[in-house]
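# Summary of the model geometry
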Amino acid sequence: MFWTLKAAKPQLSLATSADSIALAFAKDSAGVISFSGPETLIKDIEKYFEINLVDELSFFSPTGKAGELFEIPVSSQDAQTDRIFLVGIGDSSTAAFRVAATTIARKVRGKNTTVYSACAIDSKDVKAHAIALTLGAYLWSLKTGEPAGKPTFIVATNDKEVINVAITISKAITRARDLVHTPSNIKTPAWMATKAQEFAKGTGLTVKVLAGKDLKEFGGLSAVGNSSRKPGPRFIEVGYVPAKKKNAINALPHVVLVGKGITYDTGGINLKRPYDLMIPMKSDMTGAAVILATLTALEELQPNIRVTALMMCAENAFSGSAQRPSDVITHYGGTTVEVIDTDAEGRLVLADGLAYADINLDPDYLVDIATLTGAITLGLGKQYAGMYTRDEQLARDFETAGLESGDRVWHMPLIDDYKDALESDIADFNHLAKIAKYQAKSVTAALFLEHFVGNRRWVHLDIAGTARSESDAGENPKGGTGYGVRLLTQWIMNLK
Ligand code: BES
Ligand code: MN
Ligand code: ZN
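First, a word on scope: everything that follows refers to the structure included in this document. Here the structure is a predicted model, which means the values were calculated and not measured. (Residues numbered from 1 in each chain as written. Chains lettered and ligands numbered in written order. Predicted model: local features only at pLDDT ≥ 70, side-chain atom pairs only at ≥ 80, totals over all residues. Heavy atoms only, no water.)

### Notes on the environment of Gln383
Under the convention used in this document: Strands are runs of DSSP state E lasting at least two residues, helices are runs of H or I lasting at least four, and both sets are numbered from the N terminus onward. Throughout, a residue-residue contact means that at least one pair of heavy atoms, one from each residue, lies within 4.5 Å.
Following the sequence through the fold, Gln383 ends up in the loop between α11 (374-380) and β15 (384-388). The sequence separation of Gln383 and Val238 amounts to 145 residues, and the corresponding C-alpha distance is 28 Å. When sequence neighbours within four positions are dropped, the list of residues in contact with Gln383 reads Arg408 and Thr466.

### Some remarks on the site of ligand 1
Condition: Note on terminology: near, applied to a residue and a molecule or strand, indicates that one of the residue's heavy atoms is within 4 Å of it. Throughout this description, a polar contact denotes any pair of N or O atoms lying within 3.5 Å of each other; where both atoms belong to protein, one of them has to be capable of donating a hydrogen while the other can accept it, and for residues adjacent in sequence the pair is counted only when both atoms sit in side chains. The accessible surface values rely on the Shrake-Rupley method and a 1.4 Å probe; as for residues, cover is taken only from the protein chains in view. Each residue is assigned to one class: nonpolar for Ala, Val, Leu, Ile, Met, Phe, Trp, Tyr, Cys and Pro, charged for Asp, Glu, Lys and Arg, and polar for all the others, Gly among them.
Surrounding ligand 1, one finds 15 residues, the nearest of these being Lys272, Asp284, Asp343, Glu345 and Gly374. Within the side chain of Asp265, one N or O atom sits 2.9 Å away from an oxygen atom of ligand 1. Contacts to ligand 1 include Thr371, whose backbone N or O atom sits 3.5 Å from a nitrogen atom. Here ligand 1, which alone exposes 510 Å², has 79% of that area covered by the protein. Within the shell around ligand 1, the residues separate by chemical class into 4 nonpolar, 3 polar and 8 charged.

### Considering the pairing of strand β14 (residues 365-370)
Let me state the cut-off plainly: Burial status follows relative accessibility: with a 1.4 Å probe on protein chains alone, a residue under 20% of its type maximum counts as buried, one over 50% as exposed, and anything between as partly exposed. Two strands make a pair as long as DSSP finds a minimum of two bridges between them.
Taken across its 6 residues, β14 has 6 buried, putting it largely inside the fold. Side chains Tyr365, Val367 and Ile369 project from β14 onto one buried face, and the interleaved Leu366, Asp368 and Ala370 project onto a second face that is buried too. Inspection of the sheet shows strand β10 (residues 254-265) paired to β14 by 5 bridges, in the parallel sense. Across the sheet, Val256 pairs through a bridge with Leu366, a residue of β14.

### Some details on the coordination of the zinc ion (ligand 3)
What counts here: A donor here means an N, O or S atom no more than 2.8 Å from the metal, or no more than 3.2 Å when the metal is Na, K or Ca. Since water is not included, a site may seem to lack partners. Square planar and octahedral assignments, for four and six donors respectively, both demand that opposite donors be over 155 degrees apart and that all other angles lie between 65 and 115; tetrahedral needs four donors with all angles between 85 and 135 degrees, and anything else is irregular.
Distances from the zinc ion (ligand 3) to its protein donors, Lys260 (NZ), Asp265 (OD), Asp284 (OD) and Glu345 (OE), fall within 2.0 to 2.4 Å. One way to put it: the 6 donor atoms around the zinc ion (ligand 3) meet at angles of 79 to 172 degrees, and that makes the site octahedral. For the zinc ion (ligand 3), the single-chain donor residues occur in sequence as K-x4-D-x18-D-x60-E. Between the two metals, the zinc ion (ligand 3) and the manganese ion (ligand 2), the spacing is 3.2 Å, and Asp265 donates to both. Linking Lys260 in strand β10 with Asp284 in the loop between β10 and α9 (286-301), this pair joins segments that are 24 residues apart in sequence.

### Some details on the packing of helix α7 (residues 189-200) against α9
Applied cut-off: Lines fitted to the C-alpha atoms define the axes, with helices restricted to the stretch that makes contact. Angles between their N-to-C directions range from 0 to 180 degrees. Convention used here: angles under 35 degrees read as roughly parallel, angles over 145 as roughly antiparallel, angles from 65 to 115 as roughly perpendicular, and any remaining angle as oblique.
Contact geometry for α7 and α9: axes closest at 10 Å, N-to-C directions at 10 degrees. For the element pair α7 / α9, the angle class is roughly parallel. Residues Met192, Lys195, Ala196 and Phe199 of α7 form the contact with α9, whose participating residues are Ala288, Ala289, Leu292 and Thr296. Of the residues belonging to the contact of α7 with α9, the class tally is 6 nonpolar, 1 polar and 1 charged.

### So, the pairing of strand β5 (residues 83-88)
Among the 6 residues that make up β5, 5 are buried, leaving the element largely enclosed by the rest of the structure. Where strand β2 (residues 20-27) lies against β5, 6 bridges are found, and the strand directions are parallel. Residue Phe25 lies in a different strand from β5, and its bridge partner there is Gly88.

### What to know about the coordination of the manganese ion (ligand 2)
Looking at the metal site, the manganese ion (ligand 2) is ligated by Asp265 (OD), Asp343 (O), Asp343 (OD) and Glu345 (OE), spaced 2.1 to 2.2 Å from it. Metal-centred angles of 72 to 169 degrees between the 6 donor atoms at the manganese ion (ligand 2) mark the site as irregular. Written as a sequence motif, the donor arrangement for the manganese ion (ligand 2) is D-x77-D-x1-E. Overall, Asp265 belongs to the buried group, its relative accessible area being 3%. Residue class for Glu345 comes out buried when judged on its relative accessible area of 0%.

Everything listed here is a matter of geometry and, on its own, says nothing about what the molecule does.
Set out below in structure tokens:
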């Protein structure tokens, strides 16, 4: 991890033992500046360094917008501190505390330095701010030579528990990002299984891996993953049960998470064109990475819920053993599907996972998460994931968890009029909407998945836009964002 996160009481002596102190300010409509952190501490800091923070700020004529940052050099005989970061928090919303955190974090990313942040007071702001500090400090590299330094973030709060939760979630997001950033020559489906086992080791999580002949019934996963014979696809089932309830699991609500784990997506025989579209496709296993990372967080948080993660891992390679457009495959549970475009591989591996969950796991909630369609990015951009469900209560719960956690979702429609696009003359379904006039590729992908969820309370999350950032800015590095870890963890913690 390229960061350390700690809690500390709001006390002058603790603040002045850090290399820098971060404080947040807001400017109201009348231009009056106020500070949002612990009042007494801020007064003590002013007295100790013999400065007036409002005067210092006025010199810069700040706008007060979230993330605006000024550095004030300070000195004192006994203090370690040599600078104060003053950061704007705009409208003082939880989201603004996140933005403020990322600008502070980006100032110290890769440096061996300590920052004492006394920006927030309210627990939910402290938590959001603390997590965002670690997100902005994230680095990933296979460069040889000097490794980068690691900043330590000390967050001022009397509520140590909030920071413990933030540490857990930050670690999980970092893990997910690391998996996504790993290039696909390293990251095979078998490697994903090794990672699941590594994360579960010494914890209460269980891991079951199916490969080779054991995948015979998984027609979609096999058809996609056998394009890459060595080492071939993997079905990875990770289980979480609260430690105190190991003998009473049937009494617990059961959440099953299904994640798309395409370790590289060339498009298969329907090769991606232009070829540049392929370069980001090492991220196509984000869904699987995110559900695995979420379980490692839950194992630490111990909610009274049973959660099973099904990581559907396969490479969609261009090869002699790749499936062909016009093949008919039999999914888990027996449904037959006529394959039209081998680049629509995500729904094929997810269909097996959803059917497996419905048939074997009796889920109370069935949630899939997948970098499924480029189309969702056209509609929603890269800040909102597409959420599909017919269950209004679930939609509201996910929207709430999205706003609370920072991983936002937008409720998209499952449009019945488009369903006939999935009819096939020779199989139960056509895997791609063949009637060009409907377009709506994210909607028809969701309609396809719906055929495999039985009567379960189901949510589909299309994260093709949110999984990856094309710029190194704010919370996100260029590359994997770990989108979904905060959302799923929050939603499950809200269920308990
Ligand atoms: N992995 C892609 C979707 C994707 C595209 C993710 C861009 C992230 C960024 C998926 O497997 C895919 O190829 N989808 C096709 C579906 C089409 C063939 C119906 C797409 O979106 O074009
Ligand atoms: Mn594809
Ligand atoms: Zn894909």
